[in-house]
Every structure is written in C-alpha cells, then in structure tokens.
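Residues per chain, in single letters:
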Amino acid sequence: MNKIWLATAVLCGLVFNASAQSNVTIYGIVDAGLVAERGGAAGNVSKVTSGVGSVSRLGFRGVEDLGGGLQALFILESGFKVDTGESDVANAFGNRQALVGLNSRSLGMLTFGRQKNPLYKALGEVGDPFGLGYAGTSKNLFPLVGPNTRTSNTVAYATPSYEGLSGEVTYSMGEQAGSQSAGRQYAAALAYSNGNLNTRLVYNSRNSDSATPGAPLVSHDLGHNLLLVANYNFQVLKAFFSYSQDKGYNSAVLPSANAYGTTPKASTDSTDLLIGATVPVGARGTIMTSYLHKNDKQWNQDASQFGIGYSYAWTKRTSTYLAYAKINNRNGAGYTVGSNGDPGSGNAAFDLGMRHSF
C-alpha cells in the first residue's frame, strides 16, 4: 500500500511539473436551468436545458514564452450539454474554438484555426447587457447564426492596444473543391476603450456560393453586415447600444424555421437595434434589461423583443439567475425567444438556473 501511495505521489508530481512548464490551463463553464417556453406551435414547453446563461464548455489553453516578448499559444474548447452529458455538436471536439498562434506585446497576435467571428465578439463583449445569454439574448433577433458566430479555416490578426485603440481582421477560406471564393468570409473590427466608454465597429462579408465537383457553381449575392456597439458605465448603471445593417444573401439567417406554423422569409435588407442597461443591486446582484427591434425592409416581417433578468453572484465563480423575454412578431415573422445555447420554441420564455465557472 505504501508503494502505491508513493507511486501515486510521484506521478502527480510529474503531471504538475509538466503542466507548470508548459503553462497549460484547464477551464470551463457548467450552466443549466429550468426553462418555460410559451407561444410556439408545440404549445407550452417546460424543460431542463444546458447553456442558458453561458454555453457549457471544457477548454484547454496553453501559453509558452519564446523570449523577447513573444509567446506561442493554443486554445481547444468543446461545448457539452449538462442536462444529458452529450457533446453539443455530435462527433466533434474543439467545435467552439481550436486555434494556434503567436502573440507579441509590440506586434499583436496572429492565430490560425476555428475562431470567433468579430460580430459575435463585439455583441457579446460590448453590445449586449445579457452577454448573449439568458432569455433576453440579442441572438434572438441579431444575425448571429452559423458562420456569423464562429468560422473554420480562419486566419486572424489582432493589433496591440494603443491609447485605447485596437483592431482585428479575420479571413476564412471556403476550401470548396472547384472554387477559391465559395464559402469565403472576412471581417474587420475597430475598437476603442477609454475609462467608462467601450465601443466597437465591425464589418463582415460572407460568400454563400457552394461548389460541388462536376456540377455548376451555385452563386448568390454577397452578404454584408455592418455593426456598431457601445456601452458606457455611469456607475449607477451601464448603458448599452447596438445597431446593425444587414444586406445581401445570408446576411440575416433566420434563427429558427416554422416555429409558429408559418413560413417566415430570411431578409436580404434589414436593420437591428438594441438599447439596454445593467444595474448593480448591492454588492452581488445585477439587473439586466434590453429592448430589441428588427426592421425587415424587404418583407416587412419586423419583430421587437423586451427582456429583463437578474443575476446574483454567490462568489466570483458561481451565480444564480432568472430572466424573462417576449417577442412580438409581425406579418408572419418567426423569431423565437431562446437562450445562449438553445434557439427556443415560442415567443416568450422564463429562465431559472445556475452557472459555475472553473
């Protein structure tokens, strides 16, 4: 028995030493809650679901100092469902992020792999008081579907911050046989942060052409998104603003299809508006609220959403929350109230859940 304990201690010491030398961090989020959805074709739906406030995930992050202010880095991050224990994408590992690159204090960061789209980062980090989570998430109306969330085969470069100003560009190769442009996507972002003010401007272009060997190229117009987001901390509250212009094919993909027994149409000319706030309540509580409006200039299938929520931080890592949101769809629009990891099934939803990060 003593030999077993000794061997275990030596093994643990070797693992710890290797981890310390390579500076690899294991991190993640475990988030689940009770969700009650109303107003969809499926009727009243009550369920325990994962990823309400934040998508549950397990990640590995590594950094190695190469000298002269230069570092090598990698991230591998996979999503999973707390309610079932399954991966949130079947037969996939690293589906959320899988990248490797170099980071220099003076020159910036260059990365390769599957990465977050600048549109997604801007709304989540700056423009949405719900941080893309809970029933009030801006995902319900803003075009954050598919490649507007994450892109594969991507090269990204981010500049260092200078006097609060920074930038980022991404280029995603379509890698479809028979076409160099089909599936290609690129984006650029300009950010400014100074004291209580944070703002970001993002442009995204997406080529939705599809190429099949031996068949004619299926061609579409390019989809373009221009997004401006900002927040300002007045101390008694933090105010949020987001505005997006979406033009062209797949510029505003519908988040759900036929949820109300209707047949909504994806618009090729629309705008999105968000006005919101977070209000601190005591030392640990936060109220979140927002109003969203989708203006469909092509089909007039407009929608508006009001959301409100409350989060209580027991510690820096553990919080409980509740949230409610309702969408008003017009002229056959089919937008649903979802959460961070679920598109939802109706025009109203109530969340009650818990989030732990490690």
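About the thresholds
- Residues numbered from 1 in each chain as written.
- Predicted model: local features only at pLDDT ≥ 70, side-chain atom pairs only at ≥ 80, totals over all residues.
- Heavy atoms only, no water.
- UniProt positions renumbered as here; feature names shortened; annotations may be inferred.
- Helix = DSSP H or I, 4+ residues; strand = E, 2+ residues; numbered from the N terminus.
- Rg over C-alpha atoms; globule rule 2.2 N^0.38 Å.
- Buried < 20%, exposed > 50% of the residue type's maximum accessible area, 1.4 Å probe, protein only.
- Contact = heavy atoms within 4.5 Å.
- Areas by Shrake-Rupley, 256 points an atom, 1.4 Å probe, with all protein chains shown as cover.
- Lys, Arg positive; Asp, Glu negative; His and termini not counted.
- Charge placed at Lys NZ, Arg CZ, Asp CG, Glu CD.
- Phe/Tyr/Trp six-rings, centres within 6.5 Å; stacked < 30°, edge-to-face > 60°.
- Lys NZ or Arg CZ within 6 Å of the ring centre and 35° of its normal.
- Pairing = 2+ DSSP bridges.
- Core = buried A, V, L, I, M, F, W, Y, C linked by side-chain atoms within 4.5 Å.
- Polar contact = N/O pair within 3.5 Å; in protein donor to acceptor, adjacent residues only side chain to side chain.

Looking up the protein in an unreviewed UniProt entry gives the name Porin, with the organism given as Duganella margarita. Checking UniProt for the protein, the heading Subunit (unreviewed entry) contains the comment "Homotrimer." Recorded under Subcellular location (unreviewed entry), the UniProt text for the protein is reproduced unchanged: "Cell outer membrane".

## What about the overall build of the protein?
For the protein, the helix and strand inventory stands at two helices and 17 strands. The globule rule puts the C-alpha radius of gyration for 358 residues at 21 Å, and the 22 Å found for the protein is close to it. Along the three orthogonal principal directions, the C-alpha set of the protein runs to about 75 × 50 × 45 Å. A buried classification covers 42% of the 358 residues belonging to the protein. Sequence-distant contacts in the protein: of pairs separated by 6 or more residues, those separated by 24 or more amount to 59%. When the accessible surface of the protein is summed, it comes to about 17,800 Å², and 60% of that surface belongs to carbon and sulfur atoms. Side-chain charges in the protein split into 27 positive and 22 negative, and the spacing between the mean points of these groups amounts to 5 Å.

## Brief notes about the packing of aromatic side chains
Scanning the entire structure with this criterion turns up four aromatic pairs. When the centroid spacing of 4.8 Å and the interplanar angle of 75° are considered together, the rings of Tyr 312 and Trp 314 count as edge-to-face. Using a relative accessible area of 26% as the deciding quantity, one classes Tyr 312 as partly exposed. One aromatic cluster is present, built from ring pairs that chain together Phe 130, Tyr 134 and Tyr 321. Here Lys 265 stacks its cationic end above the ring of Trp 299, 4.3 Å away from the centre of that ring.

## Here we look at the pairing of strand β14 (residues 285-296)
Each regular strand carries side chains that alternate between the two faces of the sheet. Where strand β13 (residues 269-281) and β14 come together, 12 bridges link them in antiparallel fashion. Opposite Thr 271, over in β14, you have Asn 295 as the bridge partner. Taking the residues that link successive antiparallel strands as the turn, the β13-β14 hairpin has three residues, and the phi of Gly 282 there is positive, at about 70°. Two elements, β14 and strand β15 (residues 303-313), share 10 bridges in a ladder whose sense is antiparallel.

## Describing the nonpolar core
Counting residues in each nonpolar core, the largest one holds 32 residues, and the members touching the most others are Leu 123, Leu 227 and Tyr 335. At five residues, the largest contribution of residues to this core is made by helix α2 (residues 118-127).

## Side note on the side chain of Asn 117
Its location among the elements puts Asn 117 in the loop between β6 (108-116) and α2. Exposure remark for Asn 117: the relative accessible area of 2% places this residue in the buried category. Within the structure, Asn 117 has its side chain in polar contact with the side chain of Asn 204 (distance 3.2 Å). Not counting residues within four places of it along the chain, the set of residues in contact with Asn 117 comprises Pro 147, Asn 148, Thr 149, Arg 150, Thr 151, Gln 185 and Asn 204.

## Concerning α2
For α2, the tally of buried residues reaches seven of 10 residues, placing the bulk of the element in the interior. Looking at α2, one finds that the buried residues are Pro 118, Leu 119, Tyr 120, Ala 122, Leu 123, Val 126 and Gly 127. Capping the start of α2 is the job of one residue whose side-chain oxygen sits 2.7 Å from the backbone nitrogen of Leu 119: Asn 117.

## Overview of the pairing of strand β4 (residues 70-79)
Two elements, strand β3 (residues 57-67) and β4, share 10 bridges in a ladder whose sense is antiparallel. What sits directly across from Glu 64, in β4, is Ala 72. Alignment of β4 against strand β5 (residues 97-104), held across eight bridges, turns out to be antiparallel. Across the sheet, residue Ile 75 finds its bridge partner in β5, namely Leu 99.

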